[in-house]
Amino acid sequence: MKRKGKNIKEINSKKLLSRIASMTVNYINDITRQLLQKDNISTGYLSFIKEISEDKGVNFLNIFTLNHDRVIEKFLKNSNINYYDGFVVSKNKRPAGDCIRVWQSDFINNGQKIKLLKLHGSIDWFKIKGNCGKSYQGYYFAQVEDNLNLQDIPLVSHPLILTGRFNKILEYNRSIYVDLHYNFYRLLSDTDILLISGYSFNDKGINSWIINWMYAEERHRIIFIHPGPEKCIKKA
């Protein structure tokens, strides 16, 4: 039997392959979340963030990270440093009370000195059924505390993290990543000095933003921290 010039068996095979691929991605995201949920991680190497936050000569500090873990958040909380990551406690009734924060994405007008943008998502971000916060077709984006049992929450997604390599740039125009990269562009334009550490320059989307920013103003400067900068740039 054929359907619009295509064999039914061929169509079913493609649907099955698509389903398997989707399940594989979800499995990778779940395993990534499990591996990155560690409490005994040292954060002392991030002490420079506290120094910058206390420097009265620094008006703001925007932290852009591609990591999925919660190491930076752990350091900021342990150091009693206030920051904004796009999520707020909603006044609307929702499951699990204050253990869930909803996506607001107001990085420009929130007034916090330190802003944290996780451009590839986070192991504690999920889509949840309901109309709390910024709603998207019957669900909202939320940040869920690590100690919360996910089985008690009406989840409609696996962890919102970007894995893989060349597929990331396609996802920047979808879901929560649209808001993130729009705010990345806005905040980057107000930045004079970009301190880069731990980045391989293998993300074409991120590279494009950095290149555009670098050529926009003569005063823009990059401080690149790497044990072998020439080797890193060559492989970028």
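Model, not experiment: these values are computed from the prediction.

Enquirer: Teacher, can you tell me more about the pattern of salt bridges here?
Expert: Once the charged atoms of two side chains with opposite charge are near each other, the side chains can pair. All told, the structure shown has 8 salt bridges when counted by the stated rule. Across the pair Glu73 and Lys118 runs a salt bridge, and its minimum N-O distance is 2.8 Å. With Glu73 in helix H3 (residues 71-78) and Lys118 in strand S6 (residues 114-118), the pair connects residues that are 45 residues apart, well separated along the chain. For the pair Glu73 and Lys118, a shared accessibility class is recorded, and that class is buried. Arg174 is the partner of Glu171 in a salt bridge, and the nearest nitrogen-oxygen pair spans 2.9 Å. Here the salt bridges do not stand alone but share partners, grouping Arg70, Glu73, Lys118 and Asp124 into one network.

Enquirer: Explanation requested: the nonpolar core in the structure shown.
Expert: A general trend in soluble globular proteins is that nonpolar side chains are found buried together. One finds Trp103, Ile176, Leu180, Ile206 and Ile210 to be the most contacted residues of the largest nonpolar core, which totals 26 residues. Only strand S9 (139-144), helix H5 (175-189), strand S10 (193-197) and helix H6 (204-216) provide two or more residues apiece to this core. Looking at this core element by element, the count peaks at 6 residues for H5. If you look at the next biggest cluster of nonpolar residues, it comprises 12 residues, including Ile63, Val71, Phe75 and Ile114.

Enquirer: Would you mind going over the pairing of strand S5 (residues 100-103) with me for this structure?
Expert: Side-chain direction in a regular strand flips from residue to residue, so the side chains alternate between the two faces of the sheet. Pairing of strand S4 (residues 87-88) with S5, which is carried by 2 bridges, proceeds in the antiparallel orientation. For Val88, the partnering residue across the bridge sits in S5 and is Val102. In the sheet, S5 pairs with S9 via 3 bridges, with the strands oriented antiparallel. Bridge pairing in S9 places Val102 opposite Ala142.

Enquirer: In this structure, what is going on with the confidence of the model for the protein? I would like to understand it.
Expert: Interpreting fine coordinate detail is not advised for predicted regions of low pLDDT. Averaged over every residue, the pLDDT of the protein is 83; the share at 70 or more is 84%. For the protein, strand S1 (residues 2-3) is the element with the lowest average pLDDT, namely 50, and S6 is the one with the highest, namely 96.

Enquirer: I keep staring at the packing of H5 against H6 and nothing clicks. Help me out?
Expert: One can describe the packing of H5 onto H6 by two numbers: an axis separation of 10 Å at closest approach and a directional angle of 25°. Here H5 lies roughly parallel to H6, going by the angle between them. The handedness of the crossing between H5 and H6 is right-handed. On H6, the residues that touch His181, Phe184, Tyr185, Leu188 and Ser189 of H5 are Ile206, Trp209 and Trp213. Considering only residue class, the contact of H5 with H6 consists of 6 nonpolar, 2 polar and no charged.

Enquirer: Which parts of the structure should I look at to understand the environment of Asn62?
Expert: With respect to the element layout, Asn62 can be found in strand S3 (residues 61-65). Sequence-wise, Asn62 and Gln112 are 50 residues apart; in three dimensions their C-alpha atoms are separated by 10.0 Å.

Enquirer: Hey, could you run me through the side chain of Thr32 in this one?
Expert: Note on placement: Thr32 falls in helix H1 (residues 8-36). For Thr32, a relative accessible area of 18% translates into the label buried. A polar side-chain atom of Thr32 sits 2.7 Å from the main-chain carbonyl oxygen of Ile28. Residues in contact with Thr32, not counting those within four places in the same chain, are His68, Ile123, Ile161 and Thr163.

Enquirer: What am I meant to see in a nonpolar patch on the surface here?
Expert: A grouping of Phe48, Ile193, Leu195, Ile223 and Ile225 is seen on the molecular surface, where their side chains present a nonpolar patch of about 460 Å² in accessible area. Relative to the assigned elements, Ile223 resides in strand S11 (residues 221-225).

Enquirer: What's the story with the layout of surface pockets in this structure? I'm lost.
Expert: If a probe as big as a water molecule is rolled over the atoms, it shows which places are left empty. Taken as a whole, the largest pocket encloses approximately 1,500 Å³ of empty space. Around the largest pocket, the lining comprises 47 residues; the ones closest to its centre are Ile63, Phe64, Leu195, Ile196 and Ser197. The set of elements that each furnish at least two residues to the lining of the largest pocket consists of helix H2 (47-54), S3, H3, helix H4 (168-171), H5, S10, H6 and S11. Of the residues assigned to the lining of the largest pocket, the class counts are 27 nonpolar, 12 polar and 8 charged. Taken as a whole, the second largest pocket encloses approximately 400 Å³ of empty space. Elements with a minimum of two residues in the lining of the second largest pocket: H1 and H5. Per-element accounting of the lining of the second largest pocket gives the leading share, 3 residues, to H1. Class assignment for the residues of the lining of the second largest pocket results in 7 nonpolar, 8 polar and 3 charged.

Thresholds applied
- Residues numbered from 1 in each chain as written.
- Predicted model: local features only at pLDDT ≥ 70, side-chain atom pairs only at ≥ 80, totals over all residues.
- Heavy atoms only, no water.
- Salt bridge = Lys/Arg side-chain N within 4 Å of Asp/Glu carboxyl O.
- Helix = DSSP H or I, 4+ residues; strand = E, 2+ residues; numbered from the N terminus.
- Buried < 20%, exposed > 50% of the residue type's maximum accessible area, 1.4 Å probe, protein only.
- Core = buried A, V, L, I, M, F, W, Y, C linked by side-chain atoms within 4.5 Å.
- Pairing = 2+ DSSP bridges.
- pLDDT = per-residue confidence, 0-100.
- Axes fitted to C-alpha atoms, helices over the stretch in contact; angles between N-to-C directions.
- Parallel < 35°, antiparallel > 145°, perpendicular 65-115°, else oblique.
- Left-handed = near helix turned anticlockwise from the far one by under 90°.
- Contact = heavy atoms within 4.5 Å.
- Nonpolar A, V, L, I, M, F, W, Y, C, P; charged D, E, K, R; others polar.
- Polar contact = N/O pair within 3.5 Å; in protein donor to acceptor, adjacent residues only side chain to side chain.
- Patch = residues over 30% accessible without salt bridge, like charges linked within 9 Å, V, L, I, M, F, W, Y side chains within 5 Å.
- Areas by Shrake-Rupley, 256 points an atom, 1.4 Å probe, with all protein chains shown as cover.
- 1 Å grid on protein atoms, 1.4 Å probe; cavity = no way out; pocket = protein on both sides within 12 Å on 5 of 7 lines; lining within 4 Å.
- Points joined across faces, edges and corners; volume = space filled by probe spheres on them.

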